Amino acid sequence: MTIQIFNTLTRKKEPFVPIEEGKVKMYVCGPTVYNYIHIGNARPVIVYDTVRNYLEYKGYDVHFVSNFTDVDDKIIKAANEIGEEVGELTERFIAAYFADIEALGCRHADDHPRVTDHIRDIIDFIGVLIDKGYAYESGGDVYYRTRKFDGYGKLSQQSIDELKVGARIQPGEKKEDALDFALWKAAKPGEISWESPWGAGRPGWHIECSVMAREVLGDTIDIHAGGQDLTFPHHENEIAQSEAHNDKTFANYWMHNGYVNIDNEKMSKSLGNFITVHDIRQKIDPQVLRYFMLTVHYRNPINFSSEVIADAENALERLRTAYRNLMFRLEQTADNGDQADIWLHKVREAQKAFEDAMDDDFNTANAVAALFDLARLSNTYLNEKNTQKDVLQAFLGAFGKLAGVLGISLETADELPGEEVDALIAEREEARKNRDFKRADEIRDHLLSQGIILEDTRQGVRWKRG
RNA sequence: GGCGGCAUAGCCAAGCGGUAAGGCCAGGGACUGCAACUCCCUUACCACCGGUUCGAGUCCGGUUGCCGCCUCCA
């Protein structure tokens, strides 16, 4: 089935048709690296990593690009405050970013272009916009002439005059119109800067994405994504820049994820109500955070709280237990049965349900539900006296593959119990055989106090870390 | 002021015209020496008021309450 994507441009779900068959060009706006990312920033990273995984699952060759904004006002400010070079600061937080997203099970993009590596391209791009009359120099700055671009407002669905009401005009403004935005900013004394035809300066915020997307992916890309707050003005401005420059559609599909809220309010750096991924992953399993993010449809807001994380922990554990129990059974040299076809069929049905959910605008909430269907099925199967190896492997394969699309690993890194533990388990088995339950329970309680939970099954003693 | 989103069980959350997925928690039962794991069962007049329809959480209008964008922001 074709994937349906909700396109912000049309406010509708549309069948996904890539520019080039079998290939997807995808650009996701990345972080401004002056701090650790917070869990609100982590949402798009997780969501679009999952989108990318699913596109690949469907057989697409995905060229996934995500940029780093490594020069801007906030970075300069942060660097000044702690007395660090801009380059050192950004290098540090880029490394931190990778560490954080890896913990969250996200892969690196195929390309991570940086603004400071594309200054030349940006200057050239701005030059073309000036030549075409879409931009003008003013006192060392260069601004985009918003009213010149016909489609301005088409992404945020606002007319240019409505936008103007809300626009603020800064004192000493050098713009022709309040809605114009900076493509190039003249350097203030002592600031990091590059030479340009308009004097020393640095790029404005929006221009980088237009330029780097084009440099890496070309004039028109398939999917452009980011947080809802980027719709306006960032993405609106990108469209204005790119389409004025390229004379082509910039992106065919625009995806925007909802916010992460805390106490029902948007988490944001300016409000100061944020939790960094760097901190939270010391306290909770980052896989739980990822799972939690995917239990809500990406366009809806998601409210973060300790309660909801506790729920997610338990839920993920159920999935992991199902997986672990399958592995355990497989190790017990599975017997033969004759019901394989029925079960194999059920596995396929669950997989189909997962795909249907993901095809429908990446409905991960329903995809997760399909995983739980699979868990119930496999648990039921494990209650059978005889199991077959190929069925167990089918369950494990489906679990691994589908959870993998969601970026969730069901494997738990339980180290082998030491010899001492083995001996105790053996002793307990002996005691149980002799109906010495007092001693057996003593051993079980002792192991429990060490965080080892025993589970007696028909196939033998199974254990796990509590 | 302009634009937009959301209100579904104790909690989280799908569903977007045909008589309410899934998860967590709770209660009951089965399994077990007892547990654990697991399985089965139980828990929703879908914010409110009108309307369209044979039929509406699901479409239309209105009300109330939250939230967001219009300014740096994922």
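This is a predicted model, so every value here is computed, not measured.

(A) A look at the protein's contact with RNA strand B. Every one of the 62 residues lining RNA strand B counts as a neighbour, but Lys74, Trp205, Gly227, Leu230 and Asn366 are closest to it. Among atoms of RNA strand B positioned within 4 Å of the protein, sugar and phosphate together represent 67%. Between RNA strand B and Ser270, the relevant distance is 3.4 Å, taken from a base nitrogen to a side-chain nitrogen or oxygen of the residue. Arg376 places a side-chain nitrogen or oxygen 3.2 Å from a phosphate oxygen of RNA strand B. Of the residues assigned to the surface near RNA strand B, the class counts are 18 nonpolar, 25 polar and 19 charged.

(B) Just the UniProt feature "binding site: Zn(2+)" (unreviewed entry) in chain A, in detail. Taken from the UniProt record, the annotation "binding site: Zn(2+)" (unreviewed entry) applies to Cys29, Cys209, His234 and Glu238. These annotated residues cover 210 residues of sequence, and their C-alpha atoms lie no more than 11.1 Å from one another, placing them together at a single site. Given a relative accessible area of 13%, Cys29 falls into the buried group. Not counting the four nearest positions on each side in its chain, Cys29 is found in contact with Ser66, Asn67, Cys209, His224, Ala225, Leu230, His234, His235 and Glu238. Assignment of secondary structure puts His234 in helix H7 (residues 231–246).

(C) Highlighting helix H6 (residues 207–217). For H6, the buried fraction is high: 8 of the 11 residues fall into the buried class. All of the buried residues in H6 are Ile207, Glu208, Cys209, Ser210, Val211, Met212, Ala213 and Leu217. At the exit of H6 stands Gly218, carrying a positive phi of roughly 105 degrees.

(D) Structural view of the nonpolar core. Leu55, Leu289 and Phe354 are the most contacted members of the largest nonpolar core, which totals 96 residues. A total of 10 residues in this core trace back to one element, the largest contributor, which is helix H12 (residues 364–382). If you count residues domain by domain, this core takes at least three from each of domain 1 (4–294) and domain 2 (306–405). In this structure Leu55 touches Ile3, Phe16, Val24, Met26, Tyr60, Val62 and Ile223, once residues within four positions along its chain are discounted. By size, the runner-up hydrophobic cluster in this structure holds 39 residues, among which are Leu155, Leu179, Ile207 and Ala244.

(E) Expanded view of the sheet that holds strand E10 (residues 251–257). On the basis of which strands lie adjacent, the open sheet formed by 4 strands has the order E4-E3-E9-E10 and parallel pairing. At either margin of the open sheet sits one strand with a lone partner, and together these are strand E4 (61–66) and E10. Here the strands of the sheet are splayed against their neighbours by 20 degrees on average, with no regard to which way each runs. By the bridge criterion, 6 bridges tie strand E9 (residues 221–227) to E10 in an arrangement that is parallel. The residue of E10 that forms the bridge with Ile223 is Tyr253.

(F) View of the pairing of strand E2 (residues 12–15). With 4 bridges connecting them, strand E1 (residues 4–7) and E2 associate as antiparallel partners. From the neighbouring strand, Gln4 faces E2, where its bridge partner is Pro15. Hairpin connection, E1 to E2: the antiparallel pair is bridged by 4 residues, and Arg11 has positive phi, about 60 degrees.

(G) Highlighting the domain arrangement of chain A. Its domain assignment divides chain A into domain 1 (4–294), domain 2 (306–405) and domain 3 (419–465). Here the C-alpha centroids of domain 1 and domain 3 sit 56 Å apart.

(H) Just the packing of aromatic side chains, in detail. Under the counting rule described, the total for this entry stands at 19 aromatic pairs. For the pair Tyr152 and Phe232, a centre-to-centre distance of 6.5 Å together with 75 degrees between the ring planes defines the contact as edge-to-face. Highlighted residues: Tyr152 in the loop between strand E6 (141–144) and helix H5 (160–166) and Phe232 in helix H7, separated in sequence by 80 residues. Judged by its relative accessible area of 6%, Tyr152 falls in the buried class. One aromatic cluster in this structure is built from Phe16, Tyr60 and Tyr253.

(I) Quick peek at the packing of helix H9 (residues 286–294) against helix H10 (residues 306–331). At their nearest, the axes of H9 and H10 sit 9 Å apart, and the two run at 100 degrees to each other. Judged by the angle between their axes, H9 and H10 are roughly perpendicular. From H9, Gln287, Val288, Leu289, Tyr291 and Phe292 reach across to H10, where they touch Val308, Ile309, Ala312, Glu313, Ala315, Leu316, Leu319 and Arg320. Tallied by class, residues from the contact of H9 with H10 come to 10 nonpolar, 1 polar and 2 charged.

(J) Quick look at the environment of Tyr60. Its place among the elements puts Tyr60 in the loop between helix H1 (39–57) and E4. Using a relative accessible area of 19% as the deciding quantity, one classes Tyr60 as buried. Setting aside its immediate chain neighbours within four residues, Tyr60 contacts Ile3, Phe16, Pro18, Gly22, Lys23, Val24 and Leu55.

(K) The arrangement of the pairing of E9 in detail. Along E9, 7 of the 7 residues are buried, which leaves the element largely enclosed by surrounding structure. Sheet topology places strand E3 (residues 23–28) next to E9; 3 bridges connect them, and they run parallel. When the sheet's bridge partners are listed, Tyr27 is paired in E9 with His224. Each parallel crossover has a hand, and the one from E9 via H7 to E10 is right-handed.

The rules behind each value
- Residues numbered from 1 in each chain as written.
- Chains lettered and ligands numbered in written order.
- Predicted model: local features only at pLDDT ≥ 70, side-chain atom pairs only at ≥ 80, totals over all residues.
- Heavy atoms only, no water.
- Near = heavy atom within 4 Å.
- Polar contact = N/O pair within 3.5 Å; in protein donor to acceptor, adjacent residues only side chain to side chain.
- Nonpolar A, V, L, I, M, F, W, Y, C, P; charged D, E, K, R; others polar.
- UniProt positions renumbered as here; feature names shortened; annotations may be inferred.
- Buried < 20%, exposed > 50% of the residue type's maximum accessible area, 1.4 Å probe, protein only.
- Contact = heavy atoms within 4.5 Å.
- Helix = DSSP H or I, 4+ residues; strand = E, 2+ residues; numbered from the N terminus.
- Core = buried A, V, L, I, M, F, W, Y, C linked by side-chain atoms within 4.5 Å.
- Domains from an automatic or database assignment.
- Pairing = 2+ DSSP bridges.
- Axes fitted to C-alpha atoms, helices over the stretch in contact; angles between N-to-C directions.
- Phe/Tyr/Trp six-rings, centres within 6.5 Å; stacked < 30°, edge-to-face > 60°.
- Parallel < 35°, antiparallel > 145°, perpendicular 65-115°, else oblique.
- Right-handed = clockwise from strand over helix to strand, strands pointing away.

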